[in-house]
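# Coordinates in review
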Amino acid sequence: MDAEITVPGLSVVVPVFNEQDVLPLFARRLRPVLDGLGVSYEVLAVDDGSADATPAVLARMRLDWPQLRVVRLRRNAGHQNALTAGLHRARGRHVVSIDVDLQDPPEVIADMLRLAESERLDIVYGVRTDRSTDSLFKRETAGIYYRLIRRVVGAEVPHNAGDFRLLSRTAVDALTALPEPEPVYRLLVPWLGLPSGEVPYAREKRAAGRSQYPLAKMIRLALDSVTGFSAAPLRVATWLGCAGIALCLAMAAAVLGAYLWGSVVPGWTSMFVALVFLGALQLLCLGLLGEYVARVFTSVQGRPPYIVTYDSAATGTRRPAGVPS
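Residues numbered from 1 in each chain as written. Predicted model: local features only at pLDDT ≥ 70, side-chain atom pairs only at ≥ 80, totals over all residues. Heavy atoms only, no water.

All told, the structure shown has one aromatic pair when counted by the stated rule. Where F164 meets Y201, the ring centres are 5.5 Å apart and the plane angle is 80°; that geometry is what we call edge-to-face. Of this pair, F164 sits in strand 6 (residues 161-168) while Y201 is found in strand 7 (residues 196-202), placing the two residues 37 residues apart along the sequence. Owing to a relative accessible area of 1%, F164 belongs among the buried residues under this scheme. (Phe/Tyr/Trp six-rings, centres within 6.5 Å; stacked < 30°, edge-to-face > 60°. Helix = DSSP H or I, 4+ residues; strand = E, 2+ residues; numbered from the N terminus. Buried < 20%, exposed > 50% of the residue type's maximum accessible area, 1.4 Å probe, protein only.)

Helix length check: helix 4 (residues 108-119), at twelve residues, gives a terminal C-alpha distance of 17 Å against a target of 16 Å (1.5 Å per residue), a fit within 8%. What helix 4 keeps buried is the set V108, I109, A110, M112, L113, L115 and A116. Looking at the buried side of helix 4, the elements it contacts are strand 1 (10-16), helix 1 (23-35), strand 4 (94-97), strand 5 (123-130), strand 6 and strand 7. R120 lies just past helix 4 and shows a positive phi near 55°. (Expected span 1.5 Å × (residues − 1). Contact = heavy atoms within 4.5 Å.)

Let us now look at the pairing of strand 5. A large share of strand 5 lies buried, amounting to six of its eight residues. Across four bridges, the pairing between strand 5 and strand 6 is antiparallel. Bridge pairing in strand 6 places V124 opposite L166. Where strand 5 meets strand 7, seven bridges bridge the pair, whose relative direction is parallel. Note on strand 7: the bridge partner recorded for Y125 is E198. (Pairing = 2+ DSSP bridges.)

Glancing now at the sheet that holds strand 7. Where strands meet in a sheet, backbone hydrogen bonds hold them as pairs that are either parallel or antiparallel. Across the sheet, which stays open at both edges, the eight strands sit in the order 7-5-6-4-1-2-3-8 with mixed pairing between neighbours. Looking along the sheet, the strands with just one partner apiece sit at the ends: strand 7 and strand 8 (308-311). Each neighbouring strand pair of the sheet contributes to a mean axis angle of 20°, computed without reference to strand direction. With seven bridges connecting them, strand 1 and strand 2 (residues 41-47) associate as parallel partners. Pairing of V14 across the sheet is with A45, part of strand 2. In the packing of helix 2 (residues 54-63) onto the sheet, contacts are made with strand 1, strand 2, strand 3 (68-73) and strand 8, and the angle to strand 3 comes to roughly 155°. (Axes fitted to C-alpha atoms, helices over the stretch in contact; angles between N-to-C directions.)

Counting residues in hydrophobic clusters, the biggest one holds 35 residues, and the most contacted among them are V12 and V43. The element contributing the most residues to this core is helix 4, with six residues. V43 has contacts with V12, V14, L30, L34, W65, Q67, L68 and R69, leaving out every residue within four places of it along the chain. (Core = buried A, V, L, I, M, F, W, Y, C linked by side-chain atoms within 4.5 Å.)

Further remarks concern the pattern of salt bridges. On inspection of all chains with the given rule, the structure shows 13 salt bridges. Across the pair R29 and E107 runs a salt bridge whose closest N-O atoms are separated by 2.9 Å. In this pair, R29 is assigned in helix 1 and E107 in the loop between strand 4 and helix 4, connecting sequence segments 78 residues apart. Exposure remark for R29: the relative accessible area of 26% places this residue in the partly exposed category. A relative accessible area of 37% means that E107 is categorised as partly exposed. In this structure, the salt-bridge partner of D163 is R186, at a minimum N-O distance of 3.2 Å. Of this pair, D163 sits in strand 6 while R186 sits in helix 7 (residues 185-191), and the two are 23 residues apart along the sequence. Salt bridges here are not isolated pairs; linked through shared partners, they connect E42, R69, R89, R91 and D311. (Salt bridge = Lys/Arg side-chain N within 4 Å of Asp/Glu carboxyl O.)

None of this, on its own, says anything about what the molecule does.
So, in structure tokens, the structure goes:
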């Protein structure tokens, strides 16, 4: 049996993947903020299978920071799954999730906690009101993503709110009870419908290193967001099929009219265009259907999304992956 665990007032969950350069800078910014809150706390650094010196840096940081807790995953499971591992193991009455790159300023945590306690909120979102430090491409793609999600999922999704947020214990327990094989927390959290507020802040430049969230991961996040929360793409496929049928009927009427007027010109262009158009529609519809089938397949497999190999706070028998501490 584990020893009796003291429940801290605040847990800070930090997914980490190949961040050896920025970790010391992050600790120098975060620790004074947490020490000045006047509440007990823990910092859960979830090492998402880093291949650089991140594990060694975290081990050195723990030597003089007793509140730092390291959870290590066996392999890279992805940002959202690393966040899941942290949420399942966080013990605090409030839980904050924040990225390690310092683009989301740790100083905002104090404002989040103050707002949550004064207004008895279960959720406080960090909302980016100034993204001038991001590249033009990043700003435009982020804008497209949030407009798409708010249109497909609903207007309750805060605009420009990422994974920097504060959750009450009630919200965390509700999230960890959901059987989501591929969670997207920026959509799951608003879906809970719990009392929420917002704290605005200006997004800063990455403090060191390079982004671990390239375009391919952004596209994957967008696909998971849409297919995980709405059947709208399937309806789009249906409407595309209807549009294709209407276009084919129009082309058939045009060909019949040309035949009746005796102005038929032998050729393959129209037939080639029609075949390519219909083929593209079919592939698109199959691709959309495949995204949903893949989600069902992943859910049926029942494999854990991550495997925890080490938790610096664990004692005694190792817990199975995904089981809260």
